[in-house]
Amino acid sequence: MKYGLLILLFTCILACKKSKNKPVYDWKTIEVTATAYNSLAYQTSDNPHITAFGDSLKPGMKYIAVSRDLLALGLKHNTPVAVEGMEGLYLVKDKMHWRWKKRIDIYMGEDVKAAREWGIKKLIITYGVEIE
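Small disclaimer: the values here were computed from a predicted structure and weren't measured. (Residues numbered from 1 in each chain as written. Predicted model: local features only at pLDDT ≥ 70, side-chain atom pairs only at ≥ 80, totals over all residues. Heavy atoms only, no water.)

Undergrad: Explain the sheet that holds strand E3 (residues 80-83) to me, and be specific about the residues and the numbers.
TA: Pairing is mixed around the closed barrel formed by six strands, whose spatial order is E1-E5-E2-E4-E3-E6. The mean angle between the axes of side-by-side strands here comes to 45 degrees, regardless of whether they run parallel or antiparallel. Pairing of strand E1 (residues 24-37) with strand E5 (residues 103-107) involves five bridges; the strand directions are parallel. Opposite Ala36, over in E5, you have Ile106 as the bridge partner. (Pairing = 2+ DSSP bridges. Helix = DSSP H or I, 4+ residues; strand = E, 2+ residues; numbered from the N terminus. Axes fitted to C-alpha atoms, helices over the stretch in contact; angles between N-to-C directions.)

Structural data, given as structure tokens:
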């Protein structure tokens with residue numbers, strides 16, 4: 001009997017340790033306007049490969065910038081985001097200018113043609129707010 005209780009306790013401890021390493025999210029959905037941007041000086045700043053959060057941008061990364069009003073809704077730095085019509089999860093790595101509201105900007109490396117073809121779309125995003 002004691003042996004079975006010890007195994008159960010040990011299993012619970014291992015499960016707790018594993019869950020601490022993997023964040024648990026409350027997933028929320030919102031409609032936003034989505035545009036695209038590139039890491040080029042004329043679109044961003046003198047150092048177009050560094051985000052407002054201080055992260056480095058490299059073509060091929062699945063990153064987005066968010067309007068600052070979305071930060072208050074839980075779309076903070078490194079929040080995982082599923083973008084309607086796009087594969088995989090994107091991470092919030094940049095902030096947009098204060099003038100934009102309910103808007104995301106999808107990072108498209110240095111491919112200006114792809115960003116222009118994307119254009120402006122209204123779509124749904126689903127994002128994870130970490131549960132502590």
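Right, picking up where we left off after that structure.
Undergrad: Lay out the environment of Met61 with the relevant residues and their values.
TA: With respect to the secondary-structure elements, Met61 resides in the loop between E1 and strand E2 (63-66). Judged by its relative accessible area of 26%, Met61 is partly exposed. In the structure, Met61 is positioned 47 residues away from Met108 in sequence and 8.1 Å away in space, judged by C-alpha atoms. Apart from the residues within four sequence positions on either side, Met61 is in contact with Ser56 and Tyr107. (Buried < 20%, exposed > 50% of the residue type's maximum accessible area, 1.4 Å probe, protein only. Contact = heavy atoms within 4.5 Å.)

Undergrad: Which residues make up the packing of aromatic side chains, and what are the values?
TA: Two aromatic rings, taken as a pair, are described by how far apart their centres are and by the angle between their planes. Considering all chains together, one arrives at two aromatic pairs under this definition. Aromatic side chains Tyr25 and Trp27 sit 5.5 Å apart centroid to centroid with 55 degrees between the ring planes, which places their arrangement in the tilted category. Residue classification places Tyr25 among the partly exposed residues on the basis of a relative accessible area of 27%. Arranged with centres 5.6 Å apart and planes meeting at 55 degrees, the rings of Tyr37 and Tyr107 form a pair that is tilted. With a gap of 70 residues between them, Tyr37 in strand E1 and Tyr107 in strand E5 connect regions that are remote in the sequence. Residue Tyr37 is classed as buried on the basis of its relative accessible area, which comes to 6%. Note on Tyr107: relative accessible area 4%, which makes it buried. (Phe/Tyr/Trp six-rings, centres within 6.5 Å; stacked < 30°, edge-to-face > 60°.)

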